[in-house]
Amino acid sequence: MKIGIVLNPASGRRGRRLFWSALRRALEARSADISLRETKGFGDAERHGRELAEDGCDLVLAVGGDGTVGEVAGGILRSHRPGAVFSFIPTGTGCDFARNFKIPREPARIAEHLVTAPVRSVDAGLLTCETEDGLTCTRHFINIASFGVSGEIVRAVNEARRGRKLPGRMVFFYHSLREILRYKPLSIRLRLDGEDVYDGPVTTVAIANGAWFGGGMKVAPEADVADGVFDVVIIKGAARLKVLTLMNSIYSGRHVKSPLVSTHRARLVEVWPAGEAASIDSDGEAPGHIPARFEVLPGAVNLLV
């Protein structure tokens, strides 16, 4: 079995070297031929994923956080072998996509899982937006894309140097609290499957394939990664105190009962700003801002999990 591994060396904590040594021995004991590539910056994971898929790897494995996972999946989808089998080992700050599955943590069990687990088709998303330079960006995502205060939170988390030794949930909680206190709701116009559904200020809008984002926030409790549609969660603009109160319930998914929240299902999401443009979060990365288009790609990823 030829396994291509894309590793984000900045992801994870102490004990990573021992973990990798044990995992590599376990994989090689199962006659795996391993090709390892490390990322150094934004875009590397997508490029490595594409190249490993085109090199004929039986499995392309992403090791890192949601950004690495999303980029590698996107690289496969952009390759000449978009059906190449994909899997991942979560080691990053958020690791929210992994919450949708039961994944082993011990090296020996991971190795066994990677050679015996079934492959299932799951959905992906295709985002088109504007970059900070005014260019058009097209990017795949596998978990959740969003805009509003969530975009500001992701920028803050990725740029922060302090707090990296804290658990991912605490890092996201700290920056979520700080950015909510700073954020002024921005007005948008939102269209779902060709129908205008909202026009006004928002705190955040999540276009969800998976259920979790933000280091454990269950923003879309009913989301299913293989149902062929997005769950779209609109959190309307409100006073900071109301948003902070709502934040207490988002980890359990109870926020959807709030009158500030509406949920929808759609295959195509289009959004335009009515004034200042809101920042976008795509699998824990910050590719640009609205206006934007989010299209679901049903069953696009062959995921071993």
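Residues numbered from 1 in each chain as written. Predicted model: local features only at pLDDT ≥ 70, side-chain atom pairs only at ≥ 80, totals over all residues. Heavy atoms only, no water.

Would you take a moment to explain the overall build of the protein chain for this structure?
The secondary structure content of the protein chain amounts to 7 helices and 14 strands. Computed over C-alpha atoms, the radius of gyration of the protein chain comes to 19 Å, within 12% of the 19 Å expected from 2.2 N^0.38 for 305 residues, which places it in the range of a compact globule. Out of the 305 residues in the protein chain, the part that is buried amounts to 55%. Put simply, of all contacts in the protein chain between residues at least 6 apart along the chain, 76% involve residues at least 24 apart. As displayed, the protein chain has an accessible area near 13700 Å², and 49% of this comes from carbon and sulfur atoms. (Helix = DSSP H or I, 4+ residues; strand = E, 2+ residues; numbered from the N terminus. Rg over C-alpha atoms; globule rule 2.2 N^0.38 Å. Buried < 20%, exposed > 50% of the residue type's maximum accessible area, 1.4 Å probe, protein only. Contact = heavy atoms within 4.5 Å. Areas by Shrake-Rupley, 256 points an atom, 1.4 Å probe, with all protein chains shown as cover.)

Could you clarify how one ought to interpret the pattern of salt bridges in this entry?
For side chains bearing opposite charge, pairing can occur when the charged atoms are close. On inspection of all chains with the given rule, the structure shows 17 salt bridges. With a closest N to O distance of 3.0 Å, Arg30 and Glu112 form a salt bridge. Remark: Glu112 occurs in helix H4 (residues 107-116) and Arg30 occurs in the loop between helix H1 (16-29) and strand S2 (33-38); sequence separation between them is 82 residues. We classify Arg30 as partly exposed; its relative accessible area is 32%. (Salt bridge = Lys/Arg side-chain N within 4 Å of Asp/Glu carboxyl O.)

Please clarify how the packing of aromatic side chains should be interpreted in this entry.
Within a pair of aromatic rings, the relevant descriptors are the distance that separates the centres and the angle that separates the planes. Tallying each qualifying case throughout the model produces 7 aromatic pairs. Aromatic pair Phe88 and Phe97: ring centres 5.4 Å apart, planes at 45°, arrangement tilted. By relative accessible area, which is 4% here, Phe88 ends up buried. With relative accessibility at 1%, the residue Phe97 sits in the buried group. Chaining the aromatic ring pairs together yields one cluster made of Phe86, Phe88, Phe97 and Phe101. A cation sits over an aromatic face here: Arg189 above Trp272, 4.4 Å from the ring centre. (Phe/Tyr/Trp six-rings, centres within 6.5 Å; stacked < 30°, edge-to-face > 60°. Lys NZ or Arg CZ within 6 Å of the ring centre and 35° of its normal.)

Before we go on, may I ask you to explain unusual backbone geometry in this structure?
It is generally the case that most residues other than glycine have a negative phi and that most peptide bonds are trans. The omega torsion of the bond from Ile290 to Pro291 falls at 15°, within 30 degrees of zero and hence cis. Checked against the element boundaries, Pro291 lands in strand S14 (residues 289-304). For Asp283, which is not glycine, the phi dihedral falls at a positive 50°. Overall, the relative accessible area of 3% leaves Asp283 in the buried class.

Would you explain a nonpolar patch on the surface in this entry?
Together, Phe173, Leu177 and Leu181 line one region of the surface with nonpolar side chains, adding up to about 250 Å² of accessible area. With respect to the helices, strands and loops of the structure, Leu177 is situated in helix H6 (residues 168-182). Residue Leu177 is classed as partly exposed on the basis of its relative accessible area of 33%. (Patch = residues over 30% accessible without salt bridge, like charges linked within 9 Å, V, L, I, M, F, W, Y side chains within 5 Å.)

Is there a simple way to think about the side chain of His175 in this case?
Its place among the elements puts His175 in helix H6. Sequence-distant contacts of His175, that is, excluding residues within four places in its chain, are made with Ile153, Ala156, Val157 and Ala160.

Would you mind going over helix H2 (residues 44-54) with me for this structure?
One turn of an α-helix holds 3.6 residues; hence residues three or four places apart share an orientation. Regarding H2, the residues found buried are Asp44, Ala45, Glu46, His48, Gly49, Leu52 and Ala53. In the core, the buried residues of H2 are packed alongside strand S1 (2-7), S2, strand S3 (59-64) and helix H3 (66-77). Positive backbone phi, at 90°, marks Gly56, one or two positions downstream of H2.

How should the packing of H2 against H3 be read in this particular structure?
Between two packed helices, what matters for the description is the angle formed by their axes and the separation of those axes. Taken N-terminus to C-terminus, the directions of H2 and H3 make an angle of 40°; their axes are 7 Å apart at the nearest point. When the axes of H2 and H3 are compared, the pair comes out oblique. Along this stretch, H2 crosses H3, giving a crossing that reads as right-handed. Of the residues in H3, those in contact with Asp44, Ala45, Glu46, Gly49, Arg50 and Ala53 of H2 are Thr68, Glu71, Val72, Gly74, Gly75 and Ile76. Class assignment of the residues belonging to the contact of H2 with H3 gives a composition of 4 nonpolar, 4 polar and 4 charged. (Axes fitted to C-alpha atoms, helices over the stretch in contact; angles between N-to-C directions. Parallel < 35°, antiparallel > 145°, perpendicular 65-115°, else oblique. Left-handed = near helix turned anticlockwise from the far one by under 90°. Nonpolar A, V, L, I, M, F, W, Y, C, P; charged D, E, K, R; others polar.)

Would you take a moment to explain the nonpolar core for this structure?
Soluble globular proteins tend to pack their nonpolar side chains together in the buried interior. Membership of the largest hydrophobic core comes to 54 residues, with the highest contact counts inside it found for Phe147, Leu190, Val269 and Phe294. Per-element accounting of this core gives the leading share, 6 residues, to strand S9 (residues 195-208). In terms of nonpolar packing, the next biggest core, distinct from the first, is built from 26 residues, Cys57, Val122, Val301 and Val305 among them. (Core = buried A, V, L, I, M, F, W, Y, C linked by side-chain atoms within 4.5 Å.)

In this structure, what is going on with the environment of Ala84? I would like to understand it.
In this fold, Ala84 is placed in the loop between H3 and strand S4 (85-90). Those residues within four positions of Ala84 in sequence are excluded, and the remaining contacts are Ala53, Ile76 and Asn302.

All quantities given are derived from atomic positions and should not be read as evidence of function.
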